[in-house]
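# A structural walkthrough
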Amino acid sequence: MMTLEEAQQQVDAWIKKYGVRYFSELTNMAILTEEVGELARVMSRKYGDQSFKEGEKDNIADELTDVFWVLLCLANQTGVNLTEAFARNLEKKTQRDNQRHINNPKLSEHGKE
Ligand SMILES: [Mg+2]
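The sections below set out a description of the structure shown in this document. (Residues numbered from 1 in each chain as written. Predicted model: local features only at pLDDT ≥ 70, side-chain atom pairs only at ≥ 80, totals over all residues. Heavy atoms only, no water.)

Once that is clear, we can look at the overall build of the protein chain. What the protein chain contains, in helices and strands, is five helices and zero strands. Scanning the protein chain from its N terminus toward the C terminus, one meets helices and strands in the order α-α-α-α-α. A compact globule built from 113 residues would reach a C-alpha radius of gyration of about 13 Å, whereas the protein chain, at 18 Å, exceeds it by more than 25%. Overall size of the protein chain, expressed as C-alpha extent along the three principal axes, is 50 × 45 × 30 Å. The buried share of the protein chain, taken over its 113 residues, is 21%. In the form shown here, the protein chain has an accessible surface area of approximately 8900 Å², with 57% of it arising from carbon and sulfur atoms. Looking at the protein chain, you have 15 positive and 19 negative side-chain charges, and the mean spots of the two groups are 4 Å apart. (Helix = DSSP H or I, 4+ residues; strand = E, 2+ residues; numbered from the N terminus. Rg over C-alpha atoms; globule rule 2.2 N^0.38 Å. Buried < 20%, exposed > 50% of the residue type's maximum accessible area, 1.4 Å probe, protein only. Areas by Shrake-Rupley, 256 points an atom, 1.4 Å probe, with all protein chains shown as cover. Lys, Arg positive; Asp, Glu negative; His and termini not counted. Charge placed at Lys NZ, Arg CZ, Asp CG, Glu CD.)

So, in structure tokens, the structure goes:
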């Protein structure tokens with residue numbers, strides 16, 4: 001099992017060994033958008049109304065990982081410790097939303113469709 005901290009460290013080591021240096025923050029922001037688009041393409045074909053073109057693969061895990069990779073790069077470049085940030089974010093969501101979704105009738109109706 002790899003921790004978030006180890007993932008950040010492994011990306012950093014890989015970039016330094018094979019990537020020469022990080023792309024600029026803005027370039028990685030553009031790449032993140034591109035990778036989210038690639039994930040959206042697979043999702044629309046697998047779960048949406050689109051169909052796979054010849055030669056296209058159902059590679060959701062790989063596309064999710066591409067998104068995660070660039071997020072890890074951006075976290076490293078901007079000095080974010082994702083382990084700490086995730087813990088804070090989870091606490092924020094729990095404080096804010098601990099009744100919100102439970103009390104949302106649209107969510108329980110969804111299961112009846
Ligand atoms: Mg990709």
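Now that the structure has been shown, we can carry on.
The protein atoms that coordinate the magnesium ion are Glu35 (OE), Glu38 (OE), Glu63 (OE) and Asp66 (OD), at distances spanning 2.0 to 2.2 Å. Every donor residue of the magnesium ion comes from the same chain, spaced as E-x2-E-x24-E-x2-D. One end of the pair, glutamate 38, is in helix 2 (residues 25-46); the other, glutamate 63, is in helix 3 (residues 60-78), with 25 residues separating them in the sequence. Here glutamate 38 matches glutamate 63 in class, with each residue buried. (Donors = N, O, S within 2.8 Å, 3.2 Å for Na, K, Ca; no water.)

As a further point, take the side chain of glutamate 38. Buried and unpaired, glutamate 38 has no salt bridge, with arginine 41 as the nearest side chain of opposite charge at 5.2 Å. Contacts of glutamate 38, omitting those with residues within four sequence positions, involve Glu63 and Asp66. (Salt bridge = Lys/Arg side-chain N within 4 Å of Asp/Glu carboxyl O. Contact = heavy atoms within 4.5 Å.)

Turning our eyes to something else, we now look at the pattern of salt bridges. Using the criterion set out here, one finds five salt bridges in the structure. As a salt-bridge pair, aspartate 12 and lysine 16 come within 2.6 Å of each other at their nearest N and O atoms. Note that aspartate 12 and lysine 16 are positioned in helix 1 (residues 4-18) at a spacing of four residues, about one turn of the helix. In this structure lysine 16 comes out as exposed when scored by relative accessible area, which is 58%. Among the charged side chains, a salt-bridge network with shared partners connects Arg96, Asp97 and Arg100.

Here the focus is helix 2. Relative to the 32 Å expected for 22 residues at 1.5 Å per residue, helix 2 spans 31 Å between its end C-alpha atoms, a close match to the ideal helical length. Turning to helix 2, its buried residues are Asn28, Ile31, Leu32, Glu35, Glu38, Leu39, Val42 and Arg45. The buried residues of helix 2 all sit within an arc of 155 degrees when viewed along its axis, so they share a single face. Exposed side chains of helix 2 directed beyond 90 degrees from the buried face belong to Leu26 and Thr33. (Expected span 1.5 Å × (residues − 1). Arc of directions from axis to C-beta.)

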